[in-house]
Amino acid sequence: MNKILVAAITLTLAMPMHAQMTPVGNWKTVDDRSQKPRSVVKISETAETLTGVILERLDDGAKPSDVCDKCSDDRKNRLLKVLQIIRGVGLTSNGDGRWEGGRILDPESGKEYRVQLTPIEGGGKLEVRGFVGTPWIGRTQVWIRAE
């Protein structure tokens, strides 16, 4: 009887952690160079992909009227708050815990990069790797779950 109780408790404790091993949720972005919080991004499932939208800007000097003036696509001159910065990421992990296949926008430069999203530390953090060509040529930020 005790073994059944221990197994049930173990499964119950593991389920929330496993459920969080996805990029879906709210994330506090942290600049990889300054280590300062920059924004809160909500990653959601859409019809066939994951997308990410800026919910809140945390950086000093951020104004509600700030726009992506360096963007060159449909996001040009759109408000940074509510701007979609992640598009087209696959809905499921590729088998090694990474979600990929999409793109991420750097609103400061207006440049778009290929992206990999990898939940780490039980889903409490998210490695966000932006790159050109191969994942070896890029940068990684670690975002913190904000929920």
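Residues numbered from 1 in each chain as written. Predicted model: local features only at pLDDT ≥ 70, side-chain atom pairs only at ≥ 80, totals over all residues. Heavy atoms only, no water.

Student: What exactly am I supposed to notice about the layout of surface pockets here?
Tutor: Empty space left among the atoms is revealed by rolling a probe the size of a water molecule over them. Reported here for the largest pocket is a volume of approximately 790 Å³. If you trace the largest pocket, you find 29 residues lining it, with L105, D106, P107, E108 and Q141 closest to the centre. Here the element with the most residues in the lining of the largest pocket is strand β8 (residues 138–145); it accounts for four residues. (1 Å grid on protein atoms, 1.4 Å probe; cavity = no way out; pocket = protein on both sides within 12 Å on 5 of 7 lines; lining within 4 Å. Points joined across faces, edges and corners; volume = space filled by probe spheres on them. Helix = DSSP H or I, 4+ residues; strand = E, 2+ residues; numbered from the N terminus.)

Student: Any chance you could explain the state of the cysteines here in plain terms?
Tutor: Joining two cysteines, a disulfide is a covalent bond between their sulfur atoms. A complete count under the given rule lists one disulfide for this structure. Each sulfur in the disulfide pair C68 and C71 lies 1.8 Å from the other. Taking the sign of the torsion about the S-S bond as the criterion, the disulfide between C68 and C71, at about 70 degrees, is right-handed. Accessibility assignment for this pair places C68 and C71 in one class, buried. (Disulfide = S-S within 2.5 Å. Buried < 20%, exposed > 50% of the residue type's maximum accessible area, 1.4 Å probe, protein only.)

Student: Teacher, can you tell me more about the pairing of strand β6 (residues 111–120) here?
Tutor: In the case of a regular strand, side chains alternate between the two sheet surfaces. Two elements, strand β5 (residues 99–106) and β6, share seven bridges in a ladder whose sense is antiparallel. For D106, the partnering residue across the bridge sits in β6 and is K111. Relative to strand β7 (residues 125–131), β6 runs antiparallel, the two being bridged by seven bridges. Counted as the bridge partner of R114 is F131 from β7. Connecting β6 to the next strand, β7, in antiparallel fashion are four residues, including E121 with a positive phi near 50 degrees. (Pairing = 2+ DSSP bridges.)

Student: Sorry, what's going on with the sheet that holds β6 here?
Tutor: The strands making up a sheet associate through hydrogen bonds between their backbones, and the pairing can be parallel or antiparallel. What the eight strands build is a closed barrel, ordered β1-β2-β3-β4-β5-β6-β7-β8; its pairing is antiparallel. Mean inter-strand twist for the sheet, computed between neighbouring axes without regard to direction, equals 30 degrees. In the sheet, strand β1 (residues 25–30) pairs with strand β2 (residues 37–45) via six bridges, with the strands oriented antiparallel. Residue pairing in the sheet places G25 in a bridge with I43 of β2. (Axes fitted to C-alpha atoms, helices over the stretch in contact; angles between N-to-C directions.)

Such coordinate-based values are descriptive only and should not be taken to indicate function.
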